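These are the residues of each chain, in order.
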Amino acid sequence: DAGQSWTLQLDGVQAAKAVAAQASSDERVQRNAQRFAEEGPDKPFFDIDFSDAQHGFAVGAYNLAFVTSDGGKTWLPALDRLPNPKNFHLYGVRHVADSVFIVGEQGLLLKSTDAGATFTTLASPYKGSFFGLLAAHSGSLIAYGLRGHALRSTDQGAHWDEVATGVPVSISAALELETGALALLSQTGELLL
């Protein structure tokens, strides 16, 4: 109803329980599950994106990742799908056709070509944090973040080129306008087009 009413679908307590319940025999996954259960609901989600009305991905702090295939009625942990052994924060997620891209701390760039079932790490020319990802209608991807850095890929993440933003402060949001222009918002309130 366009945001007029809201229903809780997942909270930190439920997320911690779900991670603990799904812990596999993988030692890293078991350690993460134990840490999530012990620390409680203190890890924020940072971004969410849906490929359609039913299929979505939510990402957050310390490799927090959940997936839904029923419009958010149920959410399943997806931490073990991500090649993120240092549990970097995941700040942005975007669906592009059957691919899913995730960006995060220390230049982390991840890509799935099977709708989020498995992920691989993409080579990143920047080792600072990415706070988000814009998927433009042109097919370009713009990863943006710390100290005004923005990178663009025109080949689904195989190569990334620096975009000169001209600002030394972090970029925290991006949007494609109806005209096709891209807008970046800095943490000091500057709007870049």
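You'll find the structure just up there.
First, a word on scope: everything that follows refers to the structure included in this document.

Before going further, it helps to spend a moment on the packing of aromatic side chains. In total, this model carries 6 aromatic pairs according to the counting rule given. With 5.9 Å between their ring centres and 75 degrees between their planes, phenylalanine 45 and phenylalanine 66 make a pair best called edge-to-face. Of this pair, phenylalanine 45 sits in strand E1 (residues 45–50) while phenylalanine 66 sits in strand E3 (residues 65–68), and the two are 21 residues apart along the sequence. For phenylalanine 45, a relative accessible area of 32% puts it in the partly exposed group. Ring plane angle 85 degrees and centroid distance 6.1 Å describe the contact between phenylalanine 50 and tryptophan 75, whose orientation is recorded as edge-to-face. Of this pair, phenylalanine 50 sits in strand E1 while tryptophan 75 is found in the loop between E3 and strand E4 (76–77), placing the two residues 25 residues apart along the sequence. Residue classification places phenylalanine 50 among the partly exposed residues on the basis of a relative accessible area of 31%.

Our focus in this paragraph is the pattern of salt bridges. If you walk through the whole model with that rule in mind, you get 4 salt bridges. Salt-bridge contacts for glutamate 39 lead to arginine 35; the nearest nitrogen and oxygen are separated by 3.9 Å. In this pair, glutamate 39 and arginine 35 both sit in helix H2 (residues 27–39), 4 residues apart, roughly one turn of the helix. Across the pair aspartate 42 and lysine 43 runs a salt bridge whose closest N-O atoms are separated by 2.5 Å. Taking relative accessible area as the criterion, lysine 43 reaches 10% and is therefore assigned buried. Each member of the salt-bridge network shares a partner with another, and the members are Arg35, Glu39, Asp42 and Lys43.

This paragraph deals with the nonpolar core. Ranked by internal contacts, the top residues of the largest apolar core, which has 14 residues, are Phe57, Val59, Ala65, Leu82, Leu90, Ile102 and Phe119. Elements with a contribution of two residues or more to this core: strand E2 (56–60), E3, strand E5 (90–96) and strand E6 (99–104). Discounting chain neighbours no more than four positions away, the residues touching leucine 82 are Arg28, Asn63, Ala65, Leu90, Ile102, Leu110 and Phe119. Listed in part, the 12 residues of the second largest apolar core include Leu122, Leu133, Leu141 and Ala143.

Moving on: the sheet that holds strand E11 (residues 150–153). With antiparallel pairing, the 4 strands of this open sheet are ordered in space as E9-E10-E11-E12. Each edge of the open sheet is held by one strand with a lone partner, namely strand E9 (130–135) and strand E12 (161–162). Where E11 lies against E12, 2 bridges are found, and the strand directions are antiparallel. The residue of E12 that forms the bridge with leucine 151 is glutamate 162.

Under the 1.5 Å per step criterion, the end-to-end length of H2 is 18 Å for 13 residues, consistent within 8% with the ideal 18 Å. All of the buried residues along H2 are Arg28, Val29, Asn32, Ala33, Arg35 and Phe36. For H2, the angular spread of buried residues about the axis comes to 165 degrees, placing them on one side. In H2, the exposed positions that point more than 90 degrees away from the buried face belong to Glu27 and Glu38. Taken from the residues just after H2, glycine 40 is the one with a positive phi, measuring 75 degrees.

This next bit is on the pairing of strand E13 (residues 171–176). Here 5 bridges tie E13 to strand E14 (residues 182–186), and the two strands are oriented antiparallel to one another. Opposite leucine 175, over in E14, you have alanine 183 as the bridge partner. Remark: 5 residues form the turn of the hairpin made by E13 and E14, two consecutive strands paired antiparallel; glycine 180 in that turn has positive phi of roughly 95 degrees.

Take the sheet that holds strand E15 (residues 191–192) next. Within a sheet, each strand pairs with its neighbour through backbone hydrogen bonds, oriented either parallel or antiparallel. Taken in spatial order, the 3 strands of this open sheet run E13-E14-E15, and their pairing is antiparallel. Lying at the two open borders of the sheet, with one neighbouring strand each, are E13 and E15.

What follows covers unusual backbone geometry. One non-glycine residue, tyrosine 62, lies in the positive phi region at around 55 degrees. With respect to the helices and strands, tyrosine 62 occurs in the loop between E2 and E3. Since its relative accessible area comes to 39%, tyrosine 62 is described here as partly exposed. In the Ramachandran plot, asparagine 63 falls in the positive-phi region, its phi being about 70 degrees despite a non-glycine side chain.

Parameters at a glance
- Residues numbered from 1 in each chain as written.
- Predicted model: local features only at pLDDT ≥ 70, side-chain atom pairs only at ≥ 80, totals over all residues.
- Heavy atoms only, no water.
- Phe/Tyr/Trp six-rings, centres within 6.5 Å; stacked < 30°, edge-to-face > 60°.
- Helix = DSSP H or I, 4+ residues; strand = E, 2+ residues; numbered from the N terminus.
- Buried < 20%, exposed > 50% of the residue type's maximum accessible area, 1.4 Å probe, protein only.
- Salt bridge = Lys/Arg side-chain N within 4 Å of Asp/Glu carboxyl O.
- Core = buried A, V, L, I, M, F, W, Y, C linked by side-chain atoms within 4.5 Å.
- Contact = heavy atoms within 4.5 Å.
- Pairing = 2+ DSSP bridges.
- Expected span 1.5 Å × (residues − 1).
- Arc of directions from axis to C-beta.

No statement about biological role is implied by the geometric values presented.
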